[in-house]
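Here is what each chain is made of, one letter per residue.
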Amino acid sequence: MNNSTDTLTDSPTDDSLTGPLAASGTDHVVIEPSILYFGTPVVLLTTENDDGSVNLAPISSAWALGQVVVLGLGADGQTAHNLSAGAGPRRELVISLPAPDQWPAVERLAPLTGRDPVPASKPRGCRFEPDKFTASGFTPAPSQLVGPPRVAECPLQLEAYADRVRPDVSGGFLIVEAVVRKVHAAPAIVVPGTDHIDPGAWSPLIYNFRHYFGLGPERGHTYRSETAGATASARR
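Values in this document were obtained by computation on a predicted structure and should not be read as measured data.

Some thoughts on the sheet that holds strand E14 (residues 211-213)
Pairing within the open sheet is antiparallel, and its 3 strands lie in the order E1-E13-E14. Each edge of the open sheet carries a strand with a single partner, namely strand E1 (38-41) and E14. With strand direction ignored, the average angle separating the axes of adjacent strands in the sheet is 30 degrees. Relative to strand E13 (residues 206-208), E1 is paired through 3 bridges, and the arrangement is antiparallel. By the bridge assignment for E13, Thr40 is matched with Tyr207.

Below, the structure is given as structure tokens:
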């Protein structure tokens, strides 16, 4: 769901759960994990550098509110540098969402940065790479409304503009609110004759506590679904 007014009804109570989820609250343990990436989609961001070249970067903090995608970026990365440059073309970006089987190409991007010299805040082993498309094996494809290219191999691509860029409360990250201007989708993931993504055909690459996953089988749908009964899994 991508609307703050969305609600779930008829959620199961603890009494109806079975298996690992049936444990009561008293069975939980208090932990202090180093990260909280509890299953978020991987997105690839293309932005324009100072010299007009293109930066390509993977991130794992993205979610949608209507036609706005909220992004969390490391403050010292090249993407953050580009989107902080002020109004105009430098605020243009493309948000491309890879499929699960594209994780090796995403992982080839993981240790690369467009910053030279490499910021001290970057993880150990991070290195400068000016041509990330070649390094990853992804292919740039022209956009229609913004300057940065789309990632051709990704099934879902969003042309957008970063309307608001601001630091988070810790000061170590930037929060970007990007308004989507155009959506490109592979025909195989669209419900025929509609503008709806087929949730039975589309599976994003999920970043789950620094491991890559896809989606499992559909378990159900919200009452607000416009594609119930029309998904690929239902047609099979």
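Focus: unusual backbone geometry
The omega angle of the peptide bond from Asp116 to Pro117 is 5 degrees, so this bond is cis rather than trans. In this structure, Pro117 sits in the loop between strand E7 (112-113) and strand E8 (127-128). Even without being a glycine, Phe209 presents a positive backbone phi close to 50 degrees. With respect to the element layout, Phe209 can be found in the loop between E13 and E14. We note that Arg210 has phi near 65 degrees; this positive angle belongs to a residue other than glycine. A residue is classified by how much of its surface remains accessible, and Arg210, at 52% relative accessible area, is exposed.

Some points on the side chain of Thr40
Its place among the elements puts Thr40 in strand E1. Overall, Thr40 belongs to the buried group, its relative accessible area being 15%. A polar side-chain atom of Thr40 sits 2.6 Å from the main-chain carbonyl oxygen of Ser60. With residues up to four places along the chain from it excluded, the contact list for Thr40 reads Ser60, Leu205, Ile206 and Tyr207.

Observations regarding the pattern of salt bridges
Per the counting criterion, the structure on display carries 3 salt bridges. A salt bridge links Glu177 to Arg164, with the shortest nitrogen-to-oxygen separation between them at 3.5 Å. Of this pair, Glu177 sits in strand E12 (residues 173-185) while Arg164 sits in strand E11 (residues 156-167); the two residues are 13 residues apart in sequence, bridging distant segments of the chain. A relative accessible area of 47% means that Arg164 is categorised as partly exposed. Note that Glu177 is salt-bridged to Arg166, the shortest N-O span being 3.6 Å. Here Arg166 lies in strand E11 and Glu177 lies in strand E12, a separation of 11 residues in the sequence. Within the structure, one salt-bridge network assembled from shared partners comprises Arg164, Arg166 and Glu177.

Some words on the environment of Phe173
If you trace the backbone, Phe173 turns up in strand E12. Given the relative accessible area of 42%, Phe173 is considered partly exposed. Residues Phe173 and Leu71 lie 102 residues apart in sequence; the distance between their C-alpha atoms is 10.0 Å.

Cut-offs applied
- Residues numbered from 1 in each chain as written.
- Predicted model: local features only at pLDDT ≥ 70, side-chain atom pairs only at ≥ 80, totals over all residues.
- Heavy atoms only, no water.
- Pairing = 2+ DSSP bridges.
- Helix = DSSP H or I, 4+ residues; strand = E, 2+ residues; numbered from the N terminus.
- Axes fitted to C-alpha atoms, helices over the stretch in contact; angles between N-to-C directions.
- Buried < 20%, exposed > 50% of the residue type's maximum accessible area, 1.4 Å probe, protein only.
- Polar contact = N/O pair within 3.5 Å; in protein donor to acceptor, adjacent residues only side chain to side chain.
- Contact = heavy atoms within 4.5 Å.
- Salt bridge = Lys/Arg side-chain N within 4 Å of Asp/Glu carboxyl O.

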